[in-house]
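Coordinate inspection notes
Listed here are the chains, written in short residue letters.
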Amino acid sequence: MSKNNTEFTRGIEEKSKLQMFKKHLLIFWSVFVLGVVALVLFFIGVSNGTFGFMPSFEELENPKNSLATEVYTVDGSLIGKFYFENRSFVEYSDLSPYLVDALIATEDVRYKDHSGIDIRGLGRVAKGLVTGDRSAGGGSTISQQLAKMLFPRESFEKKIDIVFRKFREWVIAVKLERSYTKEEIMTMYFNKFDFLNLAVGVKSAANVYFNTTPDSLKIEQAAMLVGMAKNPSYFNPLRRPELTLNRRNVVLSQMVKYNYLSTVEFDSIKSLPLEIDFQKVDHKRGMAPYFREYLRTSLTAHKPEVNNYPSYAYQQFVKDSTEWEDNPFYGWCNKNLKADGTAYNIYKDGLKIYTTIDSRMQKYAEEAVVEHLGLDLQKAFNREKEHHRNPPFSDDLSQENVENNIDISMRRSERYRVLKKNGMSMDSIRLVFKQPRKMKIFTWKGERDTILSPNDSMLYMKGFLRAGFMSVEPQSGEVRAYVGGPNYEHFMYDMVTVGKRQVGSTIKPFLYTLAMQEGLSPCDKVPNIPQTFILPDGTPWASKNSTDKYEGEMVTLKWGLANSVNNISGWVLKQTTPESVAAMAHKMGVISKIDAVPSIYLGTSEISVYEMVGAYATFVNKGVYIKPSFITKIEDHKGNLLAQSVSRKREVMDERTAYLMTNLLEGVVQRGTGVRLRYKYGLNNPMGGKTGTTQNHSDGWFMGITPQLVSGVWVGAEDRSIHFEGIRLGQGANMALPIWALYMQKVYADKSLGITQGDFEKPRGVNLNLDCDDASNGSKNNDLIESDESDFF
């Protein structure tokens, strides 16, 4: 019986153990299943955004990227960008294979095998946490890193979201893998990553650090950029080159480890220096800065409202309103809407703007301005001003006028506006402007550190001569070169499209055009005698000549224009009216106000270089005015055409009149005020031009024409009271003409431009004898002096 009891007891125990096992097993599986269910529900919740921010399907399919708008020249050079982030999109095919291999070897060796989450990598991280092995590395895949960049942790609205951020990155990474191919994810990664120093995306980084493109990166360059992915602030090649070099070599060693690079290759590459070719990103520097700023302000302009313009700027309102109506690219961003109904944004929509500028001609134009102003004219100006009472102002300006000028400049400065806004009194502000401080100033040999008061620095900067230059292809109206000043960083006021100055005798061809229209020819002779006009108040007025050569004799119209003789211009004006001259100028593209008075041919009206070049191109283009254009087309970042240029043209005069005017302008170069183009600069091909000099030599102009290019130059100081004292140095032939000459020398020397030295095309039916280079077939002057100064008498 005892035995039976023992067996019975044992049976009860075994049954109890079995029941307990089943219970534990049930509990285990219950917990396991519940855990799995909870985990599934948790990830479903994370995926649906229950626990905080989660991007939608549309956001995953179209992640927000701020792409820089790129500006290209007609010959394919990238000359600038507009951006919030300096990022430009590249395709996978544009990436160097070294970039891809280096990133995979360093950040995610099983990238091609997983679906967004690397389980083995997570296991490695867990083991490292347990053992304290920091060399175990991170567990984030490339897809997870991209998720973090596309939807940064700052997107999470609550602090508690930080707890779930890693889970979110996992979910987003998996969703990205489902929505994109491996190549697309890799491309997005390189386009999104911020490499610092305004180099966002690998295209910008390749240019900023190595002055190259992503597809041309060498293996050591690609390794450095990939190495920065670990911590770009720490591995910054500009601030910590040694650390960055070591990190680059770590990347290269990873490439050896995973058979992307041989040991022999590694040994030869690891000792190479970084060889950074840093290209500083600064919109004030680089090619065509004045032009790029014109593009930016023009494309983003809003519809002009008269209430937004002060009373003295009414003419600017008229100009802007005309542009808004007639120029499809003026205010283009606000005139056109994207598919989502919002306006285009040049700072983040990644547009591609293809311009008419030729990078080679632009380079030659900028060089010509620097060479003439920096190496010649400024030195002559400084020598002349050495002994003046208040340099750089003319001695005919009183001390009171000088002080008033500086005071006006002070009130226009940003420093003044800030101090005034902060409530500082005028006396205190003036005291601030008299206190010396450290600053960088412009010199033609580069920036220089110095100590000056703001007042003295303004006076110093006023002493530099400025320039405006534009060159256009007359048959198409496309602008090939645009230089708004000597240095955009220090002289930001644009003297091509924004600034206007008196044009002097360059206005006279508008007057002579009317004479040619009425049947006169360049060789017709007229009396070289003073022409008196009676003003509305009954006062007699006549302009003076700068020379008495041939005065009282009969001279040709060609000689009269070539030597800018005011008597001849007065005679021509008496055959028409000042109103007709103003109307002709307006037909030829001048939109600035021109006073229709007897002195109109002295050029006292203020007109821009842009307007004058467009007008003169009409002569070469057989009498047809084409509005100068700057843009050929605009595309989105995928290459889809958004806008295309359409020429705006009108016939102003017949071919005969236009051809006779080119002949008259040729006379200026053959034996007139532009003759130094021949004997000094060796330009002996067919060309014409017109010099212009305003009263007191405050402005010097030269307008030059050739069969394929029409270009215009203005030179002067910021203030009209700063000028050369004499006509020898202060005439347009000395101030402005040399820039045109230097530019054309460079253009003709570059055979790749296709600018030939052919003749102006003669229209059919014109059989006039135009061989009359001087007044009476006897003048042999080499370099005549012109002046547009006049007095009442």
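Residues numbered from 1 in each chain as written. Predicted model: local features only at pLDDT ≥ 70, side-chain atom pairs only at ≥ 80, totals over all residues. Heavy atoms only, no water.

Some details on the pairing of strand E7 (residues 478-483)
Counted only if it meets this: A 1.4 Å probe rolled over the protein chains alone gives each residue an accessible area, and that area as a share of the maximum for its type sets the label: buried under 20%, exposed over 50%, partly exposed in between. Each helix is a run of H or I in the DSSP string that is no shorter than four residues. Each strand is a run of E no shorter than two, and both are numbered from the N terminus. Here, any two strands with at least 2 DSSP bridges between them count as paired.
Of all six residues in E7, six are buried; the element is thus mostly enclosed. Summarising the sheet, strand E6 (residues 466-473) and E7 pair through five bridges and their orientation is antiparallel. Along E7, the bridge assignment pairs Phe-469 with Val-483. With antiparallel pairing between neighbouring strands as the criterion, E6 and E7 make up a hairpin whose turn holds four residues, including Gly-477 at a positive phi of roughly 80°.

Regarding unusual backbone geometry
Going from Pro-391 to Pro-392, the amide bond is cis rather than trans, its omega being 10°. Assignment of secondary structure puts Pro-392 in the loop between helix H15 (359-385) and helix H16 (399-411). Of note in the backbone geometry, Asn-211 takes a positive phi value of approximately 55° without being a glycine. Among the secondary structure elements, Asn-211 is positioned in the loop between helix H8 (202-210) and helix H9 (219-227). At His-697, a residue that is not glycine, the phi angle is positive and equals roughly 60°. Within the secondary structure layout, His-697 lies in the loop between strand E18 (688-693) and strand E19 (699-705).

Here's the deal with the sheet that holds strand E16 (residues 641-644)
Applied cut-off: Helix axes are fitted only over the stretch in contact, all axes being lines through C-alpha atoms; the angle between N-to-C directions runs from 0 to 180 degrees. Note on contacts: a residue pair qualifies if any of its non-hydrogen atoms lie within 4.5 Å across the two residues.
Strands sit in the order E2-E1-E3-E15-E16 across an open sheet of five strands; the sheet is mixed. In this open sheet, the two strands that pair with only one neighbour each are strand E2 (78-82) and E16. Each adjacent strand pair in this sheet contributes to an overall mean axis angle of 20°, direction not counted. In this sheet, strand E15 (residues 631-635) lies alongside strand E3 (residues 352-355) in antiparallel orientation, the contact comprising four bridges. Within E15, the residue paired with Ile-353 across the bridge is Ile-634. Each of strand E1 (69-72), E2, E3 and E15 touches helix H12 (residues 289-299); the most contacted strand, E2, lies at about 40° to it.

A closer look at the state of the cysteines
Condition: Cysteine sulfur atoms are paired as a disulfide whenever they fall within 2.5 Å.
Tallying each qualifying case throughout the model produces one disulfide. Residue Cys-523 pairs covalently with Cys-772 via a disulfide, S to S 1.8 Å. Judged by the sign of its S-S torsion, about -95°, the cystine formed by Cys-523 and Cys-772 is left-handed. Taken together, the positions of Cys-523 in the loop between helix H20 (508-517) and strand E9 (525-527) and Cys-772 in the segment after helix H29 (737-749) put the pair 249 residues apart, joining distant regions of the chain.

Points about the sheet that holds E7
Ordered in space as E7-E6-E20-E19-E18, the five strands form an open sheet in which the pairing is antiparallel. Strand pairing shows two members of the sheet lacking a second neighbour, E7 and E18, which therefore form its edges. Within the sheet, the average angular offset between the axes of one strand and its neighbour, ignoring direction, is 10°. Along the sheet, helix H24 (residues 609-620) makes contact with E6, E18, E19 and strand E20 (710-716), crossing E20 at roughly 150°. The strands touched by helix H25 (residues 655-671) are E18 and E19; relative to E18, the strand with the most contacts, the crossing angle is about 65°.

Topic: the packing of H24 against H25
So the rule is basically this: Any angle that falls under 35 degrees is termed roughly parallel, while one over 145 is termed roughly antiparallel, one within 65 to 115 roughly perpendicular, and all others oblique. Nonpolar residues are Ala, Val, Leu, Ile, Met, Phe, Trp, Tyr, Cys and Pro. Charged residues are Asp, Glu, Lys and Arg, and all others, Gly as well, are polar.
Running from amino to carboxyl end, H24 crosses H25 at an angle of 110°, the nearest separation of the two axes being 7 Å. Taken together, the axes of H24 and H25 are roughly perpendicular relative to one another. Facing H24, whose interface residues are Tyr-616, Thr-618, Phe-619 and Val-620, H25 presents Ala-658, Met-661, Thr-662 and Leu-665. Broken down by class, the residue content of the contact of H24 with H25 amounts to six nonpolar, two polar and no charged.

Describing the confidence of the model for the protein
Applied cut-off: For every residue, the predictor states its confidence as a pLDDT score lying anywhere from 0 to 100.
Averaged over every residue, the pLDDT of the protein is 88; residues scoring 70 or more account for 88%. When the criterion is pLDDT under 50, residues 133-137 qualifies, and its contacts beyond four places in sequence or with other chains add up to five contacts. In the model, residues 777-793 has pLDDT below 50 throughout and makes 68 contacts with residues more than four positions away in sequence or in other chains.

Topic: helix H3 (residues 97-107)
Most of H3 is tucked away: eight of the eleven residues are buried. Within the span of H3, buried status applies to Leu-99, Val-100, Ala-102, Leu-103, Ile-104, Ala-105, Thr-106 and Glu-107. Where H3 is buried, its residues meet helix H5 (142-150), helix H7 (182-192), H8, H9 and helix H10 (241-257).

Thoughts on the side chain of Arg-292
Spelled out, the test is: Charge assignment: positive for Lys and Arg, negative for Asp and Glu; neither His nor the chain ends contribute. Between Lys or Arg on one side and Asp or Glu on the other, a salt bridge is scored when a side-chain nitrogen of the former is within 4 Å of a carboxyl oxygen of the latter.
Turning to its location among the elements, Arg-292 is positioned in helix H12. The buried charged residue Arg-292 lacks any salt bridge, with Glu-366 as its nearest oppositely charged partner at 7.2 Å. Contacts of Arg-292, omitting those with residues within four sequence positions, involve Ile-79, Gly-80, Phe-82, His-283, Arg-285, Gly-286 and Met-287.

A short note on the pairing of E3
With three bridges joining them, E1 and E3 adopt parallel strand pairing. Bridge assignment links Tyr-72 to a residue of E3, and that residue is Tyr-354.

Quick word on a nonpolar patch on the surface
Let me state the cut-off plainly: For patch detection, residues must exceed 30% relative accessible area and be free of salt bridges, and they are connected within 9 Å for like charges or within 5 Å for nonpolar side chains (Val, Leu, Ile, Met, Phe, Trp, Tyr). Each accessible area value is a Shrake-Rupley result obtained with a 1.4 Å probe; residue values ignore everything except the protein chains displayed when judging cover.
Among the surface-exposed residues, Leu-18, Phe-21, Leu-25, Phe-28, Trp-29, Phe-32 and Val-33 lie close enough to one another that they form a single nonpolar patch of about 690 Å² accessible area. On the secondary structure map, Trp-29 appears in helix H1 (residues 2-48). Overall, Trp-29 belongs to the partly exposed group, its relative accessible area being 43%.

Some details on the packing of H3 against H10
In contact at an axis separation of 8 Å, H3 and H10 are set at 90° when each is read in the N-to-C sense. Judged by the inter-axis angle, H3 sits roughly perpendicular to H10. Mapping the contact onto sequence places Tyr-98, Asp-101, Ala-102, Ala-105, Thr-106 and Glu-107 in H3 and Arg-247, Val-251, Gln-254 and Met-255 in H10. Grouping the constituent residues of the contact of H3 with H10 by class yields five nonpolar, two polar and three charged.

A look at the pattern of salt bridges
A full pass over the atoms with the stated rule returns 31 salt bridges. Where Arg-296 meets Glu-293, a salt bridge forms, and the shortest distance between an N and an O atom there is 2.7 Å. Of the two residues, Arg-296 and Glu-293 are both situated in helix H12; the distance of three residues between them amounts to about one turn of the helix. The class of Arg-296 is partly exposed, set by a relative accessible area of 25%. Here the salt bridges share partners, and the residues they tie into one network are Lys-363, Glu-367, Glu-371 and Lys-746.

Focus: the nonpolar core
Applicable threshold: Buried Ala, Val, Leu, Ile, Met, Phe, Trp, Tyr and Cys residues form a nonpolar core when they are joined through side-chain atoms within 4.5 Å.
Counting 93 residues, the largest nonpolar core has Trp-332, Phe-510, Phe-630 and Ile-634 as its most contacted members. For this core, the leading source of residues is H24, giving nine residues. Filtering out sequence-adjacent residues up to four positions away, Phe-510 remains in contact with Val-581, Met-584, Ala-585, Met-588, Val-590, Met-612 and Ala-615. With 49 residues, the next largest nonpolar core counts Ala-147, Phe-151, Met-188 and Ala-223 among its residues.

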